[in-house]
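For reference, the chains in residue letters:
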Amino acid sequence: MCTGISVFSKQGNPFWGRTQEFDMDLDYQGLIMPAEAQIKASLSEYVTKHSFVGVSIKGADMVVDGVNDAGLAGGSFYFGNVNRYVPKNEIEAAGKLPLAGEEFVTWALANCKNVEEVREKALKEVAISSDGGMLGTSLPQHYVFQDLSGKSLVVEPSVPGSFEIYENLVGTFTNSPKFDWHVTNLENYVGMSQEIAPARKIGQANIFSSGKGNGLYGIPGDFTPHSRFVHATFLNQFSDPVEDEKAIELIFHVLDSFDIPKGVVVTGDDHKVQFTQYTSAYDLKEKALYVHLYDNRQIQMLSLEKVTKPTRFQIEAEQQLSKMKPLQ
């Protein structure tokens, strides 16, 4: 589970954000990775060409989402049942670098300056392996990227040893099934509106309008990927445009609708709890991360600074409250 959106300010600048759901408690940290750093992935090693900042996991040389020094942002999302991974030796025999499912975004931010480079290099240089992985298995993932030009790209390892790649013209991203299915599914909802439907006469009866918000009557509200994709698309579409300084706030407002409390979604025989562990937002122009955690709703910020080695930052997990001050 996860929901992502792209937002453009009135000035035309791109911003991107996502929710991160998982059924295992993870220790998240901020990470700044410099250029020319050695990254040890689970199956291979490489040297970064770009520096980047993002949300990492303690002990892992990777980010779940981030933005690099060229203004390329991206995130890794769950992609169950549709991913098609191959063994490491098949990838190496093809002359490509093998990566575990959750390692692709880190590689892309470290090596690409925009979505066109992601497209070109992904198809030529890497593939996703069924071996390796941060948690002992290569997680089923697919990926979305946004760059400063305004373009967004979806990369899905849905063919063995390669990827299917789509331009994301909608600006929304969730999970399985494949991205093109979600876009086609929007055809069922083109009647959605932010306007109030008027009263009308039916036969001899005057039927009143049910009230504010009924232009969105029938929009799905459950937490399946199909429903979240539709719901996020129209919330984002109908939200008032904002100035640069309000764009991050808008991302959090929209994504708040997809915040999953503990216990609402459980999986498997052991009833593991899927919940929103964090929500992050990125200012691509300023190369800045904004994030809040499940237990601490205060937004915390980390900008891409110049560092000489990989540098980790604490994301404060305990709820921070501000005491009201008396009016003068």
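Look above for the structure.
Residues numbered from 1 in each chain as written. Predicted model: local features only at pLDDT ≥ 70, side-chain atom pairs only at ≥ 80, totals over all residues. Heavy atoms only, no water.

Draft legend 1. How the structure looks around helix α3 (residues 115–125). Along α3, the residues classified as buried are V115, E117, V118, K121 and A122. Down the axis, α3 shows its buried residues gathered within 145 degrees of arc, on one side only. In the core, the buried residues of α3 are packed alongside α2 (104–111), β10 (126–128), β11 (141–146), β12 (152–159) and β13 (162–167). In this structure N114 caps α3, since a side-chain oxygen of it lies 3.2 Å from the backbone nitrogen of E116. (Buried < 20%, exposed > 50% of the residue type's maximum accessible area, 1.4 Å probe, protein only. Helix = DSSP H or I, 4+ residues; strand = E, 2+ residues; numbered from the N terminus. Arc of directions from axis to C-beta. Contact = heavy atoms within 4.5 Å. Polar contact = N/O pair within 3.5 Å; in protein donor to acceptor, adjacent residues only side chain to side chain.)

Draft legend 2. Just the packing of aromatic side chains, in detail. Taken as a whole and assessed by the stated rule, the structure comprises 13 aromatic pairs. With a centroid separation of 6.0 Å and 65 degrees between ring planes, the pair formed by F179 and F229 is classed as edge-to-face. Placement of the pair is F179 in helix α4 (residues 179–185) and F229 in helix α5 (residues 225–238), with a sequence separation of 50 residues. Taking the relative accessible area as the measure of exposure, F179 reaches 3% and is therefore buried. Its relative accessible area of 1% is what places F229 among the buried residues. These aromatic residues form a ring-pair network of at least three members: W16, F77, Y166, F173, F179, F229 and Y282. (Phe/Tyr/Trp six-rings, centres within 6.5 Å; stacked < 30°, edge-to-face > 60°.)

Draft legend 3. Examining the pattern of salt bridges more closely. One pass over the full model with this rule turns up eleven salt bridges. Between R18 and D65 there is a salt bridge, with the nearest N and O atoms lying 2.8 Å from each other. Taken together, the residues R18 in strand β2 (residues 14–22) and D65 in strand β7 (residues 63–68) connect sequence positions 47 residues apart. The residues R18 and D65 share a single accessibility class, namely buried. (Salt bridge = Lys/Arg side-chain N within 4 Å of Asp/Glu carboxyl O.)

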